[in-house]
Amino acid sequence: HLITKFEVSRPTIREAVRILESEGLVTVSRGARGGARINAPSYEMVARSAGIMLQAQGVTIGDLYEMRTLIEPPAARLVAERNSEEAVPILRRQIEKEISLAGERNALQAKAIVEFHNLMIELAGNKTLLMMAQALRGLVDAHLLLAQRHFPPASPEQAKKNYLFGLRSHSKLVDLIEAKDGPGAEAQWRSHMDAASKTWLGRVGPNTIVDLLG
């Protein structure tokens, strides 16, 4: 019995379980046959903690995008050099999905773009890198959606043209991954990130604070 083992009161145990439940480490079932079930740690736990900490520190979009520019191009190189065969069909299917969304709402397009970036990180095969990316995923999503909302109005035809133009860089990256050209993939994705930063940061400003919890 926990009360006996740790020599604490019942309210103390109850509060400890409540804290573990709030952190997602246990799931508590109510009722006569209920109890606490231990959960395996997940990326969502890390993401929640990282998001709260960074938001408390006033992380800006510029800071966040700088981090992405540092880690994503080397990740693209890893995909090309280590995991080309598996990655190419997965990434091409995602590009097909992105293309199918041409003409749809900006939010849907932004979500598909985020998925491409996330898939590329996952396919790099580095678990530590994946954990870092997943920890920041909520902030990255919030950042991209915020930038999308600040795009100036455009005709449906022009908006579709702009969107498809941006996707060409995704296709070029996959071509380099298929060729197992690690340095080329890294250089291509760094160029893509640099070009995209002029668009994303230009719309909302690099010093804008991302509101993850709002």
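Values in this document were obtained by computation on a predicted structure and should not be read as measured data.

Asker: Quick question: what am I supposed to make of the overall build of the protein chain here?
Answerer: Looking only at helices and strands, the protein chain has ten helices and two strands in total. Taken from N to C terminus, the helices and strands of the protein chain fall in the order α-α-β-β-α-α-α-α-α-α-α-α. Within the span of the protein chain, comprising 214 residues, buried residues form 40% of the whole. Sequence separation of at least 24 residues holds for 74% of the intrachain contacts in the protein chain that already meet a minimum separation of 6. By element, 57% of the accessible surface of the protein chain is carried by carbon and sulfur atoms, the whole surface being about 12,600 Å².

Asker: How should the pattern of salt bridges be read in this particular structure?
Answerer: This model, assessed by the stated rule, comprises nine salt bridges. Asp175 is the partner of Arg92 in a salt bridge, and the nearest nitrogen-oxygen pair spans 3.0 Å. In this pair, Arg92 sits in helix 5 (residues 84–100) while Asp175 sits in helix 9 (residues 156–178), placing the two residues 83 residues apart along the sequence. Judged by relative accessible area, Arg92 falls into the partly exposed class, the value being 27%. Owing to a relative accessible area of 43%, Asp175 belongs among the partly exposed residues under this scheme.

Asker: Mind showing me how you'd approach the environment of Leu91 here?
Answerer: Turning to its location among the elements, Leu91 is positioned in helix 5. Among the residues examined, Leu91 registers a relative accessible area of 0% and is labelled buried. Remark: the alpha-carbon pair of Leu91 and Leu123, spanning 32 residues in sequence, is separated by 9.4 Å. Setting aside anything within four residues of it in sequence, one finds Leu91 in contact with Phe116, Leu119, Met120, Leu123, Val174 and Ile177.

Asker: Can you help me understand the packing of helix 4 (residues 61–82) against helix 6 (residues 106–122) in this one?
Answerer: A packed helix pair is summarised by two numbers, namely the angle formed by the two axes and the spacing between the axes. Taken N-terminus to C-terminus, the directions of helix 4 and helix 6 make an angle of 60°; their axes are 8 Å apart at the nearest point. Relative to helix 6, helix 4 is oriented oblique. Relative to helix 6, the crossing made by helix 4 is left-handed. Here Arg68, Glu72, Ala75, Ala76 and Val79 of helix 4 lie close against helix 6, whose contacting residues are His117, Met120 and Ile121. The class makeup of the residues in the contact of helix 4 with helix 6 is five nonpolar, one polar and two charged.

Asker: Is there a simple way to explain the packing of helix 4 against helix 9 in this structure?
Answerer: It is at 8 Å that the axes of helix 4 and helix 9 come closest, and there the two elements cross at 40°. Between helix 4 and helix 9, the angle falls in the class oblique. Only Leu173, Leu176 and Ile177 of helix 9 make contact with helix 4, whose side of the interface consists of Ala76, Val79 and Ala80. Of the residues contributing to the contact of helix 4 with helix 9, the split by class is six nonpolar, no polar and no charged.

Asker: For this particular structure, what's the right way to read unusual backbone geometry?
Answerer: A negative phi angle is the norm for most residues apart from glycine, just as the trans form is the norm for most peptide bonds. Residues other than glycine seldom take positive phi values, yet Lys180 does so here, at roughly 60°. Assignment of secondary structure puts Lys180 in the loop between helix 9 and helix 10 (182–204).

Asker: Even after reading the chapter, I still don't get the nonpolar core, so can you show me in this structure?
Answerer: A general trend in soluble globular proteins is that nonpolar side chains are found buried together. Leu173 and Ile177 are the most contacted members of the largest nonpolar core, which has 34 residues in total. Of all the elements in the fold, those that place two or more residues in this core are helix 4, helix 5, helix 6, helix 7 (127–135), helix 8 (137–149), helix 9 and helix 10. Tallying contributions element by element places helix 4 first for this core, with nine residues. With residues up to four places along the chain from it excluded, the contact list for Ile177 reads Ala76, Val79, Ala80, Ser84, Ala87, Val88, Leu91 and Ala185. Of all hydrophobic cores here, the second largest spans six residues; its members include Ala102, Ala112, Ile113 and Tyr163.

Asker: Can you help me understand the packing of aromatic side chains in this one?
Answerer: Evaluation of the coordinates by the stated rule reveals one aromatic pair. Each ring, one from Phe116 and one from Trp189, has its centre 5.8 Å from the other, and the planes form 45°; the classification is tilted. On the criterion of sequence distance, the pair formed by Phe116 in helix 6 and Trp189 in helix 10 is long-range, its members being 73 residues apart. Comparing Phe116 with Trp189 shows no difference in burial state: the two are buried.

Criteria and cut-off values
- Every chain's residues receive numbers from 1 upward, in the order its sequence appears when written.
- Per-residue local features of the predicted model are confined to residues with pLDDT of at least 70, and side-chain atom pairs are confined, for both listing and counting, to 80 or more; whole-chain, interface and lining totals are unaffected and use all residues.
- Excluding hydrogens and water, the side-chain figures rest on all heavy atoms present in the structure.
- Helix and strand definitions follow DSSP, with helices as H or I runs of at least four residues and strands as E runs of at least two, each counted in order from the N terminus.
- Think of it in three bands: with a 1.4 Å probe and only protein chains considered, a residue is buried below 20% of the maximum accessible area for its type, exposed above 50%, and partly exposed in between.
- Contact criterion: two residues are considered in contact whenever any of their non-hydrogen atoms come within 4.5 Å of each other.
- Note that accessible areas follow from Shrake-Rupley with a 1.4 Å probe, and for residues the cover is restricted to the protein chains shown.
- Any Lys or Arg side-chain nitrogen located within 4 Å of an Asp or Glu carboxyl oxygen qualifies as a salt bridge.
- What counts as an axis is a line fitted to C-alpha atoms, over the stretch in contact for a helix, and the angles between N-to-C directions run from 0 to 180 degrees.
- The labels follow the angle: roughly parallel below 35 degrees, roughly antiparallel above 145, roughly perpendicular from 65 to 115, and oblique for the rest.
- Here a crossing is called left-handed whenever its near helix is offset anticlockwise from the far helix by less than a right angle, and right-handed whenever the offset is clockwise.
- When residues are grouped by polarity, Ala, Val, Leu, Ile, Met, Phe, Trp, Tyr, Cys and Pro land in nonpolar, Asp, Glu, Lys and Arg in charged, and all others, Gly among them, in polar.
- Residue types Ala, Val, Leu, Ile, Met, Phe, Trp, Tyr and Cys, when buried and joined through side-chain atoms within 4.5 Å, form a set referred to as a nonpolar core.
- The aromatic pairing rule takes the rings of Phe, Tyr and Trp, using the six-membered ring of Trp, and pairs them if the centres are within 6.5 Å, calling planes under 30 degrees apart stacked, those over 60 edge-to-face and the rest tilted.

In short, geometric facts, not functional conclusions.
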